[in-house]
Number of protein chains: 2
Amino acid sequence: MATIYEVSEAAGVSLATVSRVMNGNTKVSDRTRKKVETAMAKLGYQPNAIAQSLASNRTNSVGLLVSELHGSYFGDLMSTVEQALKQYGKHVIITAGHVDEKREHDAIEFLKSRRCDALILHAEAVSDEYLTTLCKSDLPVVVINRKVDGLDDHCFVVDNEKGGYLAAQAAIQQGHKEIGYISGPKFKKDASDRLAGHKRALTEAGIEAKDDHIFEGDFHESSGQEGMHYLKQHFPDITALICANDEMASGAMTAAREAGLEIPQHLSIVGFDNVLFSRYLYPKLTTINNPIQSLGEMAARWVLKNVYDTKINQAIEHLFVPEVVERHSLSKR
Amino acid sequence: MATIYEVSEAAGVSLATVSRVMNGNTKVSDRTRKKVETAMAKLGYQPNAIAQSLASNRTNSVGLLVSELHGSYFGDLMSTVEQALKQYGKHVIITAGHVDEKREHDAIEFLKSRRCDALILHAEAVSDEYLTTLCKSDLPVVVINRKVDGLDDHCFVVDNEKGGYLAAQAAIQQGHKEIGYISGPKFKKDASDRLAGHKRALTEAGIEAKDDHIFEGDFHESSGQEGMHYLKQHFPDITALICANDEMASGAMTAAREAGLEIPQHLSIVGFDNVLFSRYLYPKLTTINNPIQSLGEMAARWVLKNVYDTKINQAIEHLFVPEVVERHSLSKR
DNA sequence: AAACCCTTTGTAAGCGCTTACATTTTAGTG
DNA sequence: CACTAAAATGTAAGCGCTTACAAAGGGTTT
């Protein structure tokens, strides 16, 4: 693999000149530029990004931490972030934290050791303090889908409370009064926010928010099934079931069908996230759009603007408001 | 950020010694090791991976090219590869090629410029020649889900012909005789292989493989819908529909339902790939398991064994045989 | 033709590590 | 206790680039 030195020799110029035509920030006469370019082409020269990074202290890569590498939610996120950055010649280094404190921590350390120019974190397990410390360091960091007090400028979040509110409101507007809820793990901020919004909607509508109508799941499909069983067994008069994410909604649909209930005739179901497969479900799932792609794009934009001084004139937003996606799993009571 | 030099000063030893305790390949006395480790801890030292790579010509990272960053198929692949490599302290750098020759090419060049120690490629658009040249270079390369003549040791593939055969056979065994087929783009090897297997199964069963029963889709959901419309309109006596992947099967299911057909009572449907959401579909999709995870794991294992000299005693397989996953969308005629 | 300035190019010092080789220390031996 | 081999440590030369600074051209102006 040819080095810059060989190119400079072949072109009859100095190392510095070759470097200059590569980076294009200093003036080089057309004649020498041509010579260098010819030499590069002839040698099939490809700059060594590692050496460039070491010398320039710039890697042109952004670290992205997600919880998992699979699943539509993170797929969408990775995809959006990558697209947005690639446009400007920046690259993404992706790592998975698996919602485990140590593994998230290790993943972040890895990204730091790779000398990423900035970090975009979807961190669920590490502490607020850790994130705060990280943001205070000279490595630029943004946090996705999590609000950390004092780090507002670095956080990009969805109004989960509002989303929970909207889901309940949609059901209420269809005349439902006995509403079940399958929550995510309550220690997770997004789960508890969604639940809070749910309760607020009920209260505002004059419906008592009964705690025993709430089943705490784990955001996975199977707990949707469990929740469905539990609720239907104990509260057969429930006519609408709201789930804190689409996976659990899918599980609930399966369980409902197995119990001989038709959706939405016998039971309405509302999900949350609007992941890709929610439209593959039958009936197509009415859900709350979680604008994860907007989050990703905004985070990328923040990095481009603040780290790479890219001229971007679109505004940077930090709070995203979810919306109801009306499909076929919610109907009049 | 502390450097190795500061550590060596703090510990009262030379640079080389610090490097030695980091890499642990040369003997260092316990006493000095302790001193160095203390100094490291005190300074919060973190080696600069970039500098390490430049000096050692080793990046400990493997490049992974996928077609998309989203979708369960690639999600599964990325996840498996990452897990397998992480166990041995190796990292994955993921890029997307978007099934476009230039973009795949650029992505590979990017991985090369990052000086990955090896490349795992799910390349669909670049030419066989390009891959062959690549494999001949001194950068170790393996190819996933694509067979390139002369590169057998570097290829990890699924027997798509067999898969297509199994799908048709499954339908035939249930008594179906009028069988529609929605193919992927025929220029893609996997699509044409699956189709070939399909035809072979029909022929062996004494059923004429009618070309007009075959609709060429593009592997996306919408073309499943189109295919369904087309086939049902022209050949209403079709009782079973086999789709070359699950996305198209899902589209076909939707279209069938809209046309008032119940599945599988009126029409049986078989998919291919067994992606995650195929079990969310209703009815749960009978499909062909595409062992993409095994491919990923095997590719990772190959790299560990051949590039990093890891002691792995499991065998390396190159050909994976798909299997029928029986669920609820295929029934007796 | 000397003096000046602007543009283009070259020189060389690092970036933070690894590692071959040289040197010192330690332990073992008679 | 001197002598030697083995073990531990140090020295310094890179890895392939970037970039501050120096030097050299090339016009103008007087």
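The following refers to the structure shown. (Residues numbered from 1 in each chain as written. Chains lettered and ligands numbered in written order. Predicted model: local features only at pLDDT ≥ 70, side-chain atom pairs only at ≥ 80, totals over all residues.)

## Some details on the overall build of chain A
To keep it simple, the criterion reads: Where helices and strands are cited, they refer to DSSP runs of H or I of at least four residues and of E of at least two residues respectively, numbered from the N terminus. It is over C-alpha atoms that the radius of gyration is taken, and the globule rule equals 2.2 Å times the number of residues to the power 0.38. Counting other C-beta atoms within 10 Å of each residue's C-beta, where C-beta atoms are placed from the backbone, gives the exposure class: buried for 20 or more, exposed for 12 or fewer, partly exposed between.
Counting its regular elements, chain A contains 12 helices and 12 strands. Taken over C-alpha atoms, the radius of gyration comes to 25 Å for chain A, far larger than the 20 Å a tight globule of 333 residues would show. Here the C-alpha coordinates of chain A stretch approximately 85 × 40 × 35 Å along the principal axes. Looking at chain A as a whole, 49% of its 333 residues qualify as buried.

## A few points about the protein's contact with DNA strand C
This is how it is decided: Think of it this way: take the backbone, place a C-beta atom on it, and check whether that atom is within 6 Å of the molecule or strand, in which case the residue is near it. Residue polarity follows a fixed list, in which Ala, Val, Leu, Ile, Met, Phe, Trp, Tyr, Cys and Pro are nonpolar, Asp, Glu, Lys and Arg are charged, and the others, Gly among them, are polar.
Neighbouring residues of DNA strand C: 27 residues in total, closest A16 and K27 of chain A together with I4, S19 and A55 of chain B. Mapped onto the surface near DNA strand C, the elements with two or more residues apiece are α2 (15-23) and α4 (49-56) of chain A together with α2 (15-23) and α4 (49-56) of chain B. Broken down by element, the residue count for the surface near DNA strand C peaks at 6 residues, all from α2 of chain B. Taken together, the residues of the surface near DNA strand C break down into 14 nonpolar, 11 polar and 2 charged.

## A look at the sheet that holds strand β3 (residues 118-121) of chain A
Sheets are built from strands paired through backbone hydrogen bonds, the pairs being either parallel or antiparallel. Residues and elements named next belong to chain A. This is how the line gets drawn: We treat two strands as partners when DSSP finds at least two bridges between them.
With parallel pairing, the 6 strands of this open sheet are ordered in space as β2-β1-β3-β4-β5-β11. Since the sheet does not close on itself, it has two edges, and those belong to β2 (91-96) and β11 (319-320), each with one partner. The pairing of strand β4 (residues 141-144) with strand β5 (residues 155-158) spans 2 bridges and is classified as parallel. Following the sheet pairing, I144 is matched in β5 by F156.

## Description of the packing of helix α1 (residues 4-11) of chain B against α2 of chain B
Residue and element names in this part refer to chain B. The test is simple: Note on geometry: axes are C-alpha line fits, over the in-contact stretch for helices, and angles between N-to-C directions span 0 to 180 degrees. Just so you know how the angles are binned, under 35 degrees is roughly parallel, over 145 roughly antiparallel, 65 to 115 roughly perpendicular, and the rest oblique. We call two residues in contact when their backbone-placed C-beta atoms lie within 7 Å.
Running from amino to carboxyl end, α1 crosses α2 at an angle of 105°, the nearest separation of the two axes being 8 Å. What the angle tells us is that α1 and α2 run roughly perpendicular. Taken together, the residues of α2 that come into contact with α1 (itself represented by I4, Y5, V7, S8 and A11) are L15, T17, V18 and S19. Looking at the contact of α1 with α2 residue by residue, the classes come out as 6 nonpolar, 3 polar and no charged.

## Section: the packing of α4 of chain A against α4 of chain B
Helix-helix packing is characterised by the crossing angle of the two axes and by the distance between the axes. Put simply, the rule is: Helix crossings fall into two classes, left-handed where the near helix is turned counterclockwise from the far one by less than a right angle and right-handed where it is turned clockwise.
Where α4 of chain A meets α4 of chain B, the axes come as close as 9 Å, and the angle between the chain directions of the two elements is 130°. By the criterion of interaxial angle, the relationship of α4 of chain A to α4 of chain B is oblique. Once α4 of chain A is placed against α4 of chain B, the crossing between them reads as left-handed. Contact with α4 of chain A, carried on its side by I50, A51, S53 and L54 of chain A, involves I50, A51, S53 and L54 of chain B of α4 of chain B and no other residues of that element.

## Comments concerning the sheet that holds strand β7 (residues 214-216) of chain B
All names here are of chain B. Here we have 4 strands laid out as an open sheet, ordered β7-β6-β8-β9, and parallel in their pairing. One side of each edge strand has no neighbouring strand; the edge strands of this open sheet are β7 and β9 (268-270). Going from strand to strand, the sheet's axes swing by 15° on average, the running direction of each strand aside. As paired strands, strand β6 (residues 179-183) and β7 are joined by 3 bridges and run parallel to one another. Paired with I182 across the two strands is F215, which belongs to β7. Across the sheet, helix α9 (residues 189-204) is in contact with β6 and β8 (240-243); its angle to β6 comes to roughly 165°.

## Considering the relation of the copies chain A and chain B
For the record, the criterion: A residue counts toward the fit only if its pLDDT is at least 70 in both copies, and the copies are then superposed by least squares on the C-alpha atoms of those residues.
The two copies are related by a screw operation: chain A maps onto chain B through 180° of rotation and 0.0 Å of translation along the axis, at an RMSD of 0.1 Å. Such a turn and shift between the copies fits a two-fold axis. Most of the interface of chain A is mirrored in chain B, where 100% of its interface residues again form contacts.

## Topic: helix α3 (residues 30-43) of chain B
Residue and element names in this part refer to chain B. What counts is decided by this rule: To estimate how far a helix should reach, multiply one less than its number of residues by 1.5 Å. Read the arc as the range of directions from the helix axis to the C-beta atoms.
Spanning 14 residues, α3 covers 20 Å between terminal C-alpha atoms, matching the ideal 20 Å at 1.5 Å per step. All of the buried residues along α3 are V36, A39 and M40. Angular distribution of buried residues about the axis of α3 spans 100°; they occupy a single face of the element. More than 90 degrees from the buried face of α3, the exposed residues found are D30, R31, A41 and K42. Turning to α3, the residues buried within the fold contact α1 and α2. Directly after α3, the chain includes G44, whose backbone phi takes a positive value near 60°.

## Overview of the interface of chain A and chain B
Tallying the contact residues gives 34 residues for chain A and 34 residues for chain B. Of all elements in the fold, only α4, α5 (72-86), β2 and α6 (101-113) of chain A reach the threshold of two or more residues within the side of chain A that touches chain B. In terms of residues, the side of chain A that touches chain B owes the most to one element, α5 of chain A, which gives 6 residues. Classifying every residue of the side of chain A that touches chain B gives 15 nonpolar, 12 polar and 7 charged.

## Topic: the protein's contact with DNA strand D
Close contacts around DNA strand D come from 28 residues, with I4, S19 and A55 of chain A together with A16 and K27 of chain B the closest. Among the elements of the structure, α2 and α4 of chain A together with α2, α3 and α4 of chain B are those that each provide at least two residues to the surface near DNA strand D.

## Describing the pairing of strand β3 (residues 118-121) of chain B
Residues and elements named next belong to chain B. Burial of the side chains of β3 extends over both faces: A118 and I120 are buried on one face and L119 and L121 on the other. Bridge analysis of strand β1 (residues 61-66) against β3 gives 4 bridges, and the strand direction is parallel. Its bridge partner lying in β3, G63 is registered against L119. Bridge analysis of β3 against strand β4 (residues 141-144) gives 3 bridges, and the strand direction is parallel.

## Quick word on the nonpolar core
Burial of nonpolar side chains together is a common tendency in soluble globular proteins. To keep things clear, this is the line we draw: By definition, a nonpolar core groups buried Ala, Val, Leu, Ile, Met, Phe, Trp, Tyr and Cys residues that are joined through C-beta atoms within 7 Å.
Counting 176 residues, the largest nonpolar core has C243, A252 and A299 of chain A together with C243, A252 and A299 of chain B as the members making the most contacts within it. Apart from the residues lying within four places of it in its own chain, the contact partners of A252 of chain B are I182, G224, Q225, G227, M228, L241, C243 and I269 of chain B. Membership of the second largest hydrophobic core comes to 9 residues, among which are A11, V21, A39 and Y45 of chain B.

## A word on the pairing of strand β2 (residues 91-96) of chain B
Remark: a regular strand shows side chains that alternate across the two faces of the sheet. Residue and element names in this part refer to chain B. With 6 of 6 residues buried, β2 lies mostly within the body of the structure. The side-chain alternation of β2 yields two buried faces, one formed by H91, I93 and T95 and the other by V92, I94 and A96. For β1 and β2, the ladder comprises 6 bridges, and the chain directions are parallel. What sits directly across from V62, in β2, is V92.

## Topic: unusual backbone geometry
The phi angle of most residues is negative, glycine excepted, and most peptide bonds adopt the trans form. All names here are of chain B. The omega angle of the peptide bond from I263 to P264 is 5°, so this bond is cis rather than trans. When you line up the elements, P264 lands in the loop between α11 (246-258) and β9. For the peptide bond that leads from Y282 to P283, omega is -5°, which places it in the cis range. Within the chain, N57 stands out as a residue other than glycine whose phi angle is a positive 65°. Residue position: N57 is located in the loop between α4 and β1.

## Considering the environment of R115 of chain B
Position of R115 of chain B relative to the elements: it lies in the loop between α6 (101-113) and β3. Looking at R115 of chain B, the number of C-beta atoms within 10 Å reads 19, which means it is partly exposed. In this structure, R115 of chain B is in contact with N48, A49 and I50 of chain A together with S53 and T59 of chain B, ignoring residues within four places of it in sequence.

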